[in-house]
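A structural walkthrough
The lines below spell out each chain.
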Amino acid sequence: MAVQDNINPKQGVILRLKVIHKHYGSLHVLDGIDIELRQQEILTVLGPSGCGKTTLLRIVNGLISYDQGEVLFKGELDVKPRTEMAMVFQNFGLFPWKRLHQNIGYGLRIQRRSPAEIDKIVAHYINLVGLNGFEDNFPAELSGGMQQRAGLARALAAQPELLLMDEPFGALDALTREQLQDELLKINEAEPKTMIFITHSIDEALLLGDRVVLITPRPGRIRLQLETGFGRGRNLEAIRGSVHFQALRHYLWEALRNPNAELGPIPQFSGNLEGPNSDDLRAIRK
């Protein structure tokens, strides 16, 4: 699969997961997970409920241990939470007794940044996620979409190298979810991050991901990895209507629906402007 625009397959690897196994008692959750993540790549992880997606993310973040294998972050063994990583949860994770600006600046205060520096960084990210005017509101006074923007701003304010997103849009209505998908990509274009994005949604995995990893039902194994080929500056509405998107969506749907079936070849997208996909390619680039 061709890699588009500034997604360089030779770009430096920031994270390596080597043969990761995880058990909860007799329950085998992850079975030999091998992944390499490149700098500024968006990796979406797709799989059925209970396959170990969230467990994998928590292992990467050092929140839980693993039984076998290695997690290497920038070449170093990753065994504890790092300031270079930040996590965005599905349930927003905001403190209900703190105002918006206090929630967003929470991690910075833990890092013992100066009040002036905190105020400057918080103001920047409130503006970046479009929450100007709500700085003094409590979470209960914000909509679900606004709360998730706040959770994203809090993670970004910590200025991590690796952003870990655990189904952050899963609890939102369909319209808000699509809006935030588009906004997330715009934010990432303004301030590029390396990202692992967990989702149950095939559409979301393809729309946001440079690469999609499909995890099998428990015990979670990597069944396939595919490059989406959509590149940067992508137009999500045009992608949804493209032939290549529909082909990839059908392929992943069949792989999820029939976890034990033999898979055919992954639909290919040459990225050639003069080829049969030329209309698709012109449309999906903004």
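As a reminder, the structure under discussion sits directly above these lines.
What you see is a predicted model, and the numbers here were worked out from it, not measured in a lab.

Judged by pairing direction, the sheet is mixed, and its six strands sit side by side in the order E6-E7-E8-E3-E9-E10 without closing on themselves. The sheet is open, and its two borders are formed by strand E6 (85-88) and strand E10 (222-227), each paired with just one other strand. Here the strands of the sheet are splayed against their neighbours by 15° on average, with no regard to which way each runs. Pairing between strand E3 (residues 42-46) and strand E9 (residues 211-215): four bridges, direction parallel. The residue bridging valine 45 from the neighbouring strand is valine 213, located in E9. Packed on one face of the sheet, helix H6 (residues 174-190) meets E3, strand E7 (162-166) and strand E8 (194-199) and runs near 165° to E8. Taken strand by strand, helix H9 (residues 243-257) contacts E3, E9 and E10, and its axis lies near 175° from that of E10.

What follows deals with the side chain of histidine 21. Its place among the elements puts histidine 21 in strand E1 (residues 13-24). Among the polar contacts made by the side chain of histidine 21, one reaches the main-chain amide nitrogen of glycine 32 at a distance of 3.4 Å. Contact partners of histidine 21, with chain neighbours within four places excluded, come to His28, Leu30, Asp31, Gly32, Tyr66, Asp67 and Gln68.

Moving on: the packing of aromatic side chains. Enumeration over the complete set of coordinates arrives at three aromatic pairs. By way of ring pairs, the aromatic residues Phe95, Trp97 and Tyr106 are connected into one cluster.

Before going further, it helps to examine the packing of helix H4 (residues 115-128) against helix H5 (residues 144-157). Orientation of H4 relative to H5, taken along the N-to-C sense of each, is 140°, at an axis distance of 9 Å. By the angle between their axes, H4 is oblique relative to H5. Judged by the twist between their axes, the crossing of H4 over H5 is right-handed. Seen from H4, the contacting residues are Ile121, Tyr125 and Leu128; seen from H5, they are Ala153, Leu156 and Ala157. Grouping the constituent residues of the contact of H4 with H5 by class yields six nonpolar, no polar and no charged.

This part is about the environment of arginine 249. Residue placement: arginine 249 occurs in helix H9. As for arginine 249 and aspartate 203, which are separated by 46 residues in sequence, their C-alpha atoms are 6.8 Å apart.

Inspection of the secondary structure puts glycine 93 in the loop between E6 and helix H2 (100-104). On the basis of relative accessible area, glycine 93 is assigned to the partly exposed category, the value being 29%.

Let us now look at the sheet that holds strand E4 (residues 68-73). The strand order E2-E1-E4-E5 describes an open sheet built from four strands, whose pairing is antiparallel. Here the strands that pair on one side only, and so sit at the sheet edges, are strand E2 (27-38) and strand E5 (76-77). When E1 meets E4, the two strands line up antiparallel, connected through five bridges. Residue pairing for E4: histidine 21 is matched across the bridge by glutamine 68.

For the largest pocket, the calculated volume is near 560 Å³. Met85, Ala86, Met87, Gly107 and Ala158 are, among the 19 residues lining the largest pocket, the residues nearest its centre. When contributions to the lining of the largest pocket are tallied by element, the ones reaching two or more residues are E6, helix H3 (106-110) and H5. Of the residues contributing to the lining of the largest pocket, the split by class is eleven nonpolar, six polar and two charged.

Rules of the game
Residues numbered from 1 in each chain as written. Predicted model: local features only at pLDDT ≥ 70, side-chain atom pairs only at ≥ 80, totals over all residues. Heavy atoms only, no water. Pairing = 2+ DSSP bridges. Helix = DSSP H or I, 4+ residues; strand = E, 2+ residues; numbered from the N terminus. Axes fitted to C-alpha atoms, helices over the stretch in contact; angles between N-to-C directions. Contact = heavy atoms within 4.5 Å. Polar contact = N/O pair within 3.5 Å; in protein donor to acceptor, adjacent residues only side chain to side chain. Phe/Tyr/Trp six-rings, centres within 6.5 Å; stacked < 30°, edge-to-face > 60°. Parallel < 35°, antiparallel > 145°, perpendicular 65-115°, else oblique. Left-handed = near helix turned anticlockwise from the far one by under 90°. Nonpolar A, V, L, I, M, F, W, Y, C, P; charged D, E, K, R; others polar. Buried < 20%, exposed > 50% of the residue type's maximum accessible area, 1.4 Å probe, protein only. 1 Å grid on protein atoms, 1.4 Å probe; cavity = no way out; pocket = protein on both sides within 12 Å on 5 of 7 lines; lining within 4 Å. Points joined across faces, edges and corners; volume = space filled by probe spheres on them.

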